[in-house]
Amino acid sequence: MTDFRQHLAGLLALPGAPQLSEKQLAQLARHWQLLSAAAQHFNLTAIAGDAEAAEKHYFDCLLALPALAGAAAGAQVADIGSGGGFPGLVLAVACPQLQFTLIEATGKKCAFLQDCCNQLGLANVRVLTMRAEEAGRAPDLRAAFAYATARAVAPLAVLAEYALPLLRVGGRLVAFKGANHAAEQAAASHALQLLQAEAEAPLLFTLPQSGEQRALLSIRKCGETPEKYPRRPGMPAKRPL
């Protein structure tokens, strides 16, 4: 855990990198410790090394902080397909002033996320065991969020149908993508039109150690999502808009 913390602290010391407190660094190091232990029993991450995890999981997630910088205190953020906690739990540590709802369909992963919240002392997180399509039709969740985040969940055309019903008008989906982000965004143009949304200028990054390309796609909800979306569970992925 000490090696991981040192690796992450080194990345955050780079010019322009996000700033975290010692408490937040300790929370993220504890999360990695819990994740590493749990990953021996079920699929949470293929990354095992401290240095690679610090860069490709945690530093990568923290790159979204500028996209959330305009959020008012108490703003609601939905994280779709949270898995092991990326990016939702990491962002919840970094943004204690925001309220995060982690939406994950797998019960075992939800139990892990809840245990992490308890051990890290996170009071700004709730964990929901449900599919994104179900969440988008739940009366207390539909149009309830200022932001939605998602990382390694689905192509943008599919992800838009998951996320946009959850957002209020004017809200934003922040989607973590890689080097093929432009092609993926172009392929989602019809879906965004149907869902009353538009793409804004992406934020582009290069990870400092691996040199891998990253993009944060910002999708703004311009109007009410048509009532027929999201479609029933499984349909968005089976038949993208």
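Here's a quick rundown of the structure. Everything quoted here is computed from the prediction, not taken from an experiment. (Residues numbered from 1 in each chain as written. Predicted model: local features only at pLDDT ≥ 70, side-chain atom pairs only at ≥ 80, totals over all residues. Heavy atoms only, no water.)

### With respect to the overall build of the protein chain
Counting its regular elements, the protein chain contains ten helices and eight strands. Each of the three principal axes of the protein chain carries a C-alpha extent, and together these read 50 × 35 × 35 Å. Sequence separation of at least 24 residues holds for 72% of the intrachain contacts in the protein chain that already meet a minimum separation of 6. Total accessible area computed for the protein chain in this model is approximately 10,200 Å², and 52% of it derives from carbon and sulfur atoms. Computed over 22 positive and 19 negative side-chain charges, the separation of the two mean positions in the protein chain equals 6 Å. (Helix = DSSP H or I, 4+ residues; strand = E, 2+ residues; numbered from the N terminus. Contact = heavy atoms within 4.5 Å. Areas by Shrake-Rupley, 256 points an atom, 1.4 Å probe, with all protein chains shown as cover. Lys, Arg positive; Asp, Glu negative; His and termini not counted. Charge placed at Lys NZ, Arg CZ, Asp CG, Glu CD.)

### Digging into helix α5 (residues 107–120)
Here α5 contains 14 residues, and its C-alpha end-to-end distance of 20 Å stays within 8% of the 20 Å for a straight helix at 1.5 Å per residue. Those residues of α5 that fall on the buried side of the exposure criterion are Cys110, Phe112, Leu113, Cys116, Cys117 and Leu120. Here the buried residues of α5 occupy an arc of 160 degrees about the axis, which is enough to place them on one side. With respect to the buried face of α5, the exposed residues turned more than 90 degrees away are Lys108 and Asn118. Buried residues in α5 make contact with α2 (22–38), α4 (88–94), β2 (99–104) and β3 (125–129). Gly121 sits one or two residues past α5 and shows a positive phi near 70 degrees. (Expected span 1.5 Å × (residues − 1). Buried < 20%, exposed > 50% of the residue type's maximum accessible area, 1.4 Å probe, protein only. Arc of directions from axis to C-beta.)

### Concerning the packing of α2 against α5
Look at α2 against α5: their axes get within 10 Å of each other, and the N-to-C directions meet at 145 degrees. Here α2 and α5 pass one another in a crossing that is right-handed. Taking contact as the criterion, the partners of Gln27, Arg30, His31, Leu34, Leu35 and Ala38 in α2 are, on α5, Phe112, Cys116, Gln119 and Leu120. Its residues assigned to classes, the contact of α2 with α5 comprises six nonpolar, three polar and one charged. (Axes fitted to C-alpha atoms, helices over the stretch in contact; angles between N-to-C directions. Left-handed = near helix turned anticlockwise from the far one by under 90°. Nonpolar A, V, L, I, M, F, W, Y, C, P; charged D, E, K, R; others polar.)

### Remarks on α2
At 3.6 residues per turn, the α-helix brings residues three or four places apart onto the same side. In this model α2 runs 24 Å from its N-terminal to its C-terminal C-alpha over 17 residues, within 8% of the 24 Å that 1.5 Å per residue would give. Residues of α2 that are buried: Gln24, Leu25, Gln27, Leu28, Ala29, His31, Trp32, Leu34, Leu35 and Ala38.

### Examining the pairing of strand β4 (residues 145–151)
The element β4 is extensively covered by neighbouring structure, given that seven of its seven residues are classed as buried. With six bridges joining them, β4 and strand β5 (residues 167–177) adopt parallel strand pairing. Bridged to Arg151 within β5 is Phe176. For the crossover from β4 across helix α7 (residues 156–163) to β5, the handedness is right-handed. (Pairing = 2+ DSSP bridges. Right-handed = clockwise from strand over helix to strand, strands pointing away.)

### Here we look at the packing of aromatic side chains
Within this structure, the stated rule accounts for four aromatic pairs. Between Phe4 and Tyr58, the ring centres sit 4.9 Å apart and the planes meet at 70 degrees, which makes this aromatic pair edge-to-face. One end of the pair, Phe4, is in helix α1 (residues 2–12); the other, Tyr58, is in helix α3 (residues 50–62), and 54 residues separate them in sequence. Given the relative accessible area of 0%, Tyr58 is considered buried. Taken together, the ring pairs in this structure connect Phe4, Trp32, Tyr58 and Phe86 into an aromatic cluster. (Phe/Tyr/Trp six-rings, centres within 6.5 Å; stacked < 30°, edge-to-face > 60°.)

### Focus: the nonpolar core
In this structure, Leu8, Tyr58, Leu89, Phe100 and Phe112 are the most contacted members of the largest nonpolar core, which totals 55 residues. In terms of residue count, α2 provides more of this core than any other element does, seven residues in total. Residue contacts for Tyr58: discarding those within four places in its chain leaves Phe4, Leu8, Leu28, His31, Trp32, Leu35, Ala53, Phe86 and Val90. Within the second largest apolar cluster, 35 residues are counted, among which are Met130, Leu164, Ala175 and Leu241. (Core = buried A, V, L, I, M, F, W, Y, C linked by side-chain atoms within 4.5 Å.)

### What to know about the packing of α2 against α3
Their axes nearest at 12 Å, the elements α2 and α3 cross at an angle of 120 degrees. Between α2 and α3, the crossing angle belongs to the class labelled oblique. Crossing geometry of α2 relative to α3 is assigned as right-handed. Facing Leu28, His31, Trp32 and Leu35 of α2, the residues of α3 in contact are Asp50, Ala53, His57, Tyr58 and Leu62. In the contact of α2 with α3, the residues fall into six nonpolar, two polar and one charged. (Parallel < 35°, antiparallel > 145°, perpendicular 65-115°, else oblique.)

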